[in-house]
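For reference, the chains in residue letters:
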Amino acid sequence: MDRMINGRTIDDIRNDFPILARKVYDKPLVYLDNGATTQKPLCVLDAMREEYLNVNANVHRGVHYLSQKATDLHEAARERVRSFINARSTNEIVFTRGTTESINLVVASFSEEMMKEGDEVIVSVMEHHSNIVPWQLQATKRGIAIKVIPMTDEGALDMEEYEKLFSPKTRIVSVAHVSNVLGTVNPVDEIIRIAHAHGVPVMVDGAQSTPHFKIDVQRMDCDFFVFSGHKMYGPTGVGVLYGKEDWLDRLPPYQGGGEMIESVTFEKTVFAQLPFKFEAGTPDYVATHGLATAIGYMESLGLDNIARYEKQLTDYCMEQMKGIEGMRLFGVTAGKDAVVSFLVGDIHHLDMGTLLDRLGIAVRTGHHCAEPLMHRLGIQGTVRASFALYNTKEEVDALVAGISRVSKMF
């Protein structure tokens, strides 16, 4: 297995993340909860500290030096994001608090403008709650219907059944790019092609894809794409909504306040141009700078290089786990992403996760905000190990040894 990414050793890369050197319960930390959040490199923390110390001022409306410098950094971050996902224009890049807010923005604004009672949205059985609950709120409020793409036992979406879900009342498709439980990389290109053939736009949840491989929204031809900074080595509390400019122009604002207006009187408000129409209030301009720095860090290593390395880790983990008696792996599709979900025999996922923690191994347990998927699998939850560019073969070995040790206790 490779121990380098783009000419840098994994040990050297790990030095960029000081938290990885700490101990937990006197054991070396093995951090395998990257699907929930990644650790942050020093360059991101340094960039944010530098801005707070030297360039801290509210953006856009100030004429003074600090405000203009902070605005420059904030808008440079928007351009960095545009380039990162290959959007056509910075007008198509809206900063939010994260994937969840990005989805809620689209759901609320799209439903208000485009949906009425009886209209339909198509989602998949493997969606995160953040791509289910907002649609359910609209179902209660407006009487829209939610249709669900089923999946195979291996964890792949049933594309034949997907195509059958379309009707004259289908208004939008909203699907995860990568399952946060199964690691399945969904065929979004085909999902989008079919939807567009029916004249239906598509929103793609990229929370679990942007940290792991290159995204090109123009090639994908999605209408909306959403992701979070904290899952890709950036700060918490910042995310992105990409929307095709013609769609964003058609949608009403999600929130009202400062920044998102052109002019206000008590008789009428004229909204600002894109993307500011959707950015009410003071943005977390320091976090956007941190996100831009995180993107720069990933690009310095190369997204293709990161993807190749993480695939080796995932394949190795899957193969090693097959040797554990009673092991049940969930999500076994070809080309799956850097997530391994499992159960062992009758051991409760919480017991396994708790005991692994005492060995210094951080994994996620539970339903992973995907309860409908758990119902489909006939289980209450799983243990999930999720990988990042700084994880190692030795950490996979420690996980496998830890699982075996815990299993013998039962």
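Structural notes, computed from the coordinates. (Residues numbered from 1 in each chain as written. Predicted model: local features only at pLDDT ≥ 70, side-chain atom pairs only at ≥ 80, totals over all residues. Heavy atoms only, no water.)

Of all hydrophobic cores here, the largest spans 105 residues; its most connected members are Y162, V173, L389, L399 and I403. Discounting chain neighbours no more than four positions away, the residues touching I403 are M321, I324, M327, F342, V344, M352 and L356. With 21 residues, the next largest nonpolar core counts I103, V123, I144 and I172 among its residues. (Core = buried A, V, L, I, M, F, W, Y, C linked by side-chain atoms within 4.5 Å. Buried < 20%, exposed > 50% of the residue type's maximum accessible area, 1.4 Å probe, protein only. Contact = heavy atoms within 4.5 Å.)

This model, assessed by the stated rule, comprises 8 aromatic pairs. Where F17 meets Y297, the ring centres are 5.8 Å apart and the plane angle is 85°; that geometry is what we call edge-to-face. With a gap of 280 residues between them, F17 in the loop between helix 1 (10-14) and strand 3 (23-24) and Y297 in helix 10 (residues 285-301) connect regions that are remote in the sequence. Of the two residues, F17 and Y297, both sit in the buried class. With a centroid separation of 5.6 Å and 45° between ring planes, the pair formed by F110 and W247 is classed as tilted. Within this pair, whereas F110 is found in helix 4 (residues 99-114), its partner W247 is found in helix 9 (residues 245-250), the two being separated by 137 residues in sequence. We classify F110 as buried; its relative accessible area is 1%. By relative accessible area, which is 12% here, W247 ends up buried. Site record: aromatic cluster; members linked through ring pairs are F17, Y233, Y297 and Y390. Of note, R250 hangs over the ring of W247, and the distance from its end group to the ring centre comes to 4.3 Å. Sitting over the ring of Y25, R358 keeps its end group 3.9 Å from the ring centre. (Phe/Tyr/Trp six-rings, centres within 6.5 Å; stacked < 30°, edge-to-face > 60°. Helix = DSSP H or I, 4+ residues; strand = E, 2+ residues; numbered from the N terminus. Lys NZ or Arg CZ within 6 Å of the ring centre and 35° of its normal.)

In this section: the pattern of salt bridges. Tallied over the full model, the rule gives 26 salt bridges. Among the charged side chains, a salt-bridge network with shared partners connects R3, D11 and E394. (Salt bridge = Lys/Arg side-chain N within 4 Å of Asp/Glu carboxyl O.)

With that settled, the discussion passes to empty space enclosed by the protein. Within this structure, the stated rule accounts for 1 cavity of 30 Å³ or more. N34, G35, T38, A207, Q208, P211, H212 and K231 together form the lining of the largest cavity. Of the residues belonging to the lining of the largest cavity, the class tally is 2 nonpolar, 5 polar and 1 charged. (1 Å grid on protein atoms, 1.4 Å probe; cavity = no way out; pocket = protein on both sides within 12 Å on 5 of 7 lines; lining within 4 Å. Points joined across faces, edges and corners; volume = space filled by probe spheres on them. Nonpolar A, V, L, I, M, F, W, Y, C, P; charged D, E, K, R; others polar.)

One open sheet holds the 4 strands; their spatial order is 15-16-19-18, and the pairing between them is antiparallel. Strands at the two margins of the open sheet, each flanked by one partner only, are strand 15 (327-330) and strand 18 (364-366). Adjacent strand axes in the sheet meet at a mean angle of 30°, parallel and antiparallel pairs treated alike. Pairing geometry for strand 18 and strand 19 (residues 382-386), over 3 bridges, is antiparallel. Residue pairing across strands places G366 opposite T382, the latter belonging to strand 19. In the packing of helix 11 (residues 303-321) onto the sheet, the strands contacted are strand 15 and strand 16 (339-344), and the crossing angle to strand 16 comes to about 10°. (Pairing = 2+ DSSP bridges. Axes fitted to C-alpha atoms, helices over the stretch in contact; angles between N-to-C directions.)

Another point: the environment of N86. Its place among the elements puts N86 in the loop between helix 3 (65-85) and strand 6 (93-96). For N86, a relative accessible area of 27% translates into the label partly exposed. Residue contacts for N86: discarding those within four places in its chain leaves I215, D216, V217 and Q218. In this structure the side chain of N86 is engaged in a polar contact, spanning 2.9 Å, whose partner is the side chain of D216. (Polar contact = N/O pair within 3.5 Å; in protein donor to acceptor, adjacent residues only side chain to side chain.)

For strand 7 (residues 120-124), the buried fraction is high: 5 of the 5 residues fall into the buried class. Alternating residues of strand 7 divide into E120, I122 and S124 and V121 and V123, and every residue in both groups is buried. Pairing of strand 7 with strand 8 (residues 145-149), which is carried by 5 bridges, proceeds in the parallel orientation. Bridge pairing links E120 to A145 in strand 8. Two elements, strand 7 and strand 9 (residues 170-176), share 3 bridges in a ladder whose sense is parallel. Looking across to strand 9, one finds that V121 is bridged to I172.

On to the side chain of K231. Along the polypeptide, K231 turns up in the loop between strand 11 (224-228) and strand 12 (239-243). D33 provides the closest opposite charge to the buried, salt-bridge-free K231, at an N-O distance of 8.0 Å. Among the polar contacts listed, one links the side chain of K231 to the backbone oxygen of G35, at a separation of 2.8 Å. A polar side-chain atom of K231 sits 3.1 Å from the main-chain carbonyl oxygen of A36. Beyond its immediate chain neighbours, meaning those up to four positions away, K231 contacts G35, A36, T38, A207, Q208 and P211. (Lys, Arg positive; Asp, Glu negative; His and termini not counted.)

Next up on the list: the packing of helix 12 (residues 349-358) against helix 14 (residues 393-409). Two numbers describe how helix 12 lies on helix 14: the axes approach to 10 Å, and their chain directions differ by 120°. Between helix 12 and helix 14, the interaxial angle falls into the category oblique. When the axes of helix 12 and helix 14 are compared, the crossing they make is right-handed. For the pair helix 12 and helix 14, the contacting residues are M352, L355 and L356 in the first and L399, G402, I403, V406, S407 and M409 in the second. When grouped by side-chain class, the residues that make up the contact of helix 12 with helix 14 number 7 nonpolar, 2 polar and no charged. (Parallel < 35°, antiparallel > 145°, perpendicular 65-115°, else oblique. Left-handed = near helix turned anticlockwise from the far one by under 90°.)

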